[in-house]
Amino acid sequence: MTVPPAEFKRAERDREFDAIAAGISDGFVSFDNEWRFTHVNQAAERLWRRKASELLGRKSFDVLKIDPDNIFNAQYIESKRTGEPTAFSALSENFGGWLEVRGYPHAAGYSIFVRDVSEERRAHLALRESERKLEAARRTNQRIFETTLDLILVVDRQGNIIQVSPSAWAILGYRPEELIARNAGDFLYPGDLDRTRNEMRMARRGRVMRNFETRYMHKDGRVVPLTWTGIWAEAEQQHFFIGRDMTERNAAEERLRRAQRLEAVGQLTGGIAHDFNNLLTVIIGNLDLLQDRLQADPRGADYGSRALKAAMRGAALTRQLLAFARRQALDAKVIDINERVAATMDLLHRTIGEDIEITTALAPDLWPAFADPGQLESAIVNLAINARDAMPQGGRLIIETANKRIDENYVAKNFDAVPGDYVMLAVSDTGSGMPPEVLARVFEPFFTTKPVGKGTGLGLSMVYGFVRQSQGHVQIYSEAGHGTSVRLYLPRARSATEPAAEAPAEAVSRARTGERILAVEDNPDVRRVVTAQLSELGYEVLEAANGEAAIRILERGDAIDLLFSDVVMPGGMSGYDLARATRRLRPSLKVLLTSGFPKTAMEDQRPPSEAGHLLSKPYRKAELAAKIRSVLDG
């Protein structure tokens, strides 16, 4: 059968068209005017997940079950109606991805080219998301850069500053524009220049930069310590540094070291003073005994009197040392500090002279404080004398009181402070002030800037020890040429009722017939002189070298009127332990304790109620006699 030429040519064109369509990577389909499939290439088969044989000759709405109102159909119908091509992208539920579509109307129907752009779309969205994150990070970095408290520097390999954070103003006193284009070496402390350059060289050689410290010069001339971390960016040929100002941290560490140093010196001082008090007890006790025997020898009596005076000066010195070491016996009471300041004013006027004006600023609603009133008045006088010596040409002394609350922020910068309510007493002067190197040592015992013979260096040490032992806090502010202010923070008392004072003991110096004392002392020299003193006062004396020996004597049932015991003794039983054991064995037995170290073995600064009375070493024979008599008669 012979094919007509026209049909042959049409068949030939169809084959060529099919070949061309098959080679297209995009999906290609065509429809007649009734929206029946007339051509479907292999790419379209993959997109529609249908064989061409399933689609050809069938209407698209029937085969694909597409809602006539969906976006694809709406676009095609509108394009066919207007005769204009269409192009759009849309998410197809049928194909599970994004399609890019181009539609072309023609007289025989409609042709569509479809491309699956899901991967490109995901890549594009990922790129957009990455760009969004980068932009967000850039904005965050910019905010950090603009608001950071640390110093951020960007410098080139020669150290020239390219960028600097606004915090440079707070840390170094320079605005960023004053630093940019300058070399960082211009602002470095000269002694740190070589080390900084070496760190930069090592970073450029690939080593991870360690934290390192350098000092920069502030615009006002002071030195600012900074600790740095940074990286070298090879691509940008730049160093990125972040520096943290260590001024406050270094100062806090120095305050901690100073407090630890004072604590260590206090422990050493207290131990030495305790041992020295035992020696002085022996010396003073024997000199007291000699005084009675030297009445017939005026020259010998004079020698003994001089020796006794020197020993008493030594005793006063050990009391000052114990005050610094926070080992003195305090008689703390609820007190009105305003009243105590008023009570010292006459003494202050006589002490500091007429060329110094004294002014007060006392809070009218001042809280009651808990402290030893005698020690407080001594502290005020000590501070006033120091202020006087700092104002040889005259000046002004200011005494202030106020209610203060110490919070956690303050404690973070002052390691020896405890949060709470305090009564603040400030003694300030307009004198010469102190440089930092002197200020750092003012509380150390025997440290003084006064000429030889003008001071012991124990005044501020005593004040410091008294306040710390009272569970308070001391702060001192001073600048050379601008005066000094010492602030004492004493704990607020929760009750305004002051305990009634004890009635004075009857001053009877000698024993009554048959009175017997058990003397407990581990130091044989002290025990010997105490026994001699008590015997001369007319008491019968039983001796014990420690608490265990004393317990054995008490358990024997001997008649005893008073237990007189040292506080610090070896063997694990202190004088307080012995006093408690005595209460159990003989509830009515009177107890008197003695020590050159009253606070030892106690958490509280005051002896427990069951421990009885306390006599501090060293003591005179007359003091011993009066104290024993008051306890026995009390």
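Residues numbered from 1 in each chain as written. Predicted model: local features only at pLDDT ≥ 70, side-chain atom pairs only at ≥ 80, totals over all residues. Heavy atoms only, no water.

J.: Looking at this structure, how should I read the packing of aromatic side chains?
T.: Any pair of aromatic rings gets described here by the distance separating the centres and the angle formed by the planes. Per the stated rule, a full pass over the model turns up nine aromatic pairs. Here Y174 and F187 contribute two aromatic rings whose centre-to-centre distance is 5.1 Å and whose plane-to-plane angle is 70 degrees, an arrangement assigned as edge-to-face. Of the two residues, Y174 sits in the loop between α7 (168-172) and α8 (176-179) while F187 sits in the loop between α8 and α9 (193-204), which places them 13 residues apart along the sequence. Residue Y174 is classed as buried on the basis of its relative accessible area, which comes to 15%. Overall, F187 belongs to the buried group, its relative accessible area being 4%. Taken together, F31, W35, F37 and Y110 form an aromatic cluster joined through their ring pairs. Of note, R175 hangs over the ring of W169, and the distance from its end group to the ring centre comes to 4.1 Å. (Phe/Tyr/Trp six-rings, centres within 6.5 Å; stacked < 30°, edge-to-face > 60°. Helix = DSSP H or I, 4+ residues; strand = E, 2+ residues; numbered from the N terminus. Buried < 20%, exposed > 50% of the residue type's maximum accessible area, 1.4 Å probe, protein only. Lys NZ or Arg CZ within 6 Å of the ring centre and 35° of its normal.)

J.: Looking at this structure, how should I read the nonpolar core?
T.: Generally speaking, a soluble globular protein has its nonpolar side chains buried in company with each other. Among the nonpolar cores identified, the biggest contains 38 residues, and I337, L348, L376, L397, L425, L488 and L490 are the most heavily contacted of them. No other element matches helix α13 (residues 373-389), which puts seven residues into this core. With 22 residues, the next largest nonpolar core counts A544, L578, A579 and L589 among its residues. (Core = buried A, V, L, I, M, F, W, Y, C linked by side-chain atoms within 4.5 Å.)

J.: Would you take a moment to explain unusual backbone geometry for this structure?
T.: Most peptide bonds adopt trans geometry, and most residues besides glycine take a negative phi value. Residues other than glycine seldom take positive phi values, yet W35 does so here, at roughly 65 degrees. Tracing the backbone shows W35 in the loop between β1 (27-32) and β2 (37-40). Backbone geometry at A181 places phi at a positive 80 degrees, although glycine is not the residue there. Along the chain, the position of A181 falls in the loop between α8 and α9.

J.: I'm lost on the pattern of salt bridges in this one. Help?
T.: Two side chains with opposite charge may pair up if their charged atoms get near one another. Tallied over the entire structure, the rule returns 24 salt bridges. The salt bridge involving R215 is made with D192; its shortest N-O contact spans 3.0 Å. Taken together, the positions of R215 in strand β8 (residues 212-217) and D192 in the loop between α8 and α9 put the pair 23 residues apart, joining distant regions of the chain. We classify R215 as partly exposed; its relative accessible area is 33%. Taking the relative accessible area as the measure of exposure, D192 reaches 3% and is therefore buried. Here D421 ties to R405 by a salt bridge, and the two come within 3.3 Å at their closest N and O atoms. Of this pair, D421 sits in strand β15 (residues 420-429) while R405 is found in strand β14 (residues 395-406), placing the two residues 16 residues apart along the sequence. On the accessibility criterion, R405 (57% relative accessible area) is exposed. Three or more residues joined by partner-sharing salt bridges are found here, namely R512, E515, R629 and D633. (Salt bridge = Lys/Arg side-chain N within 4 Å of Asp/Glu carboxyl O.)

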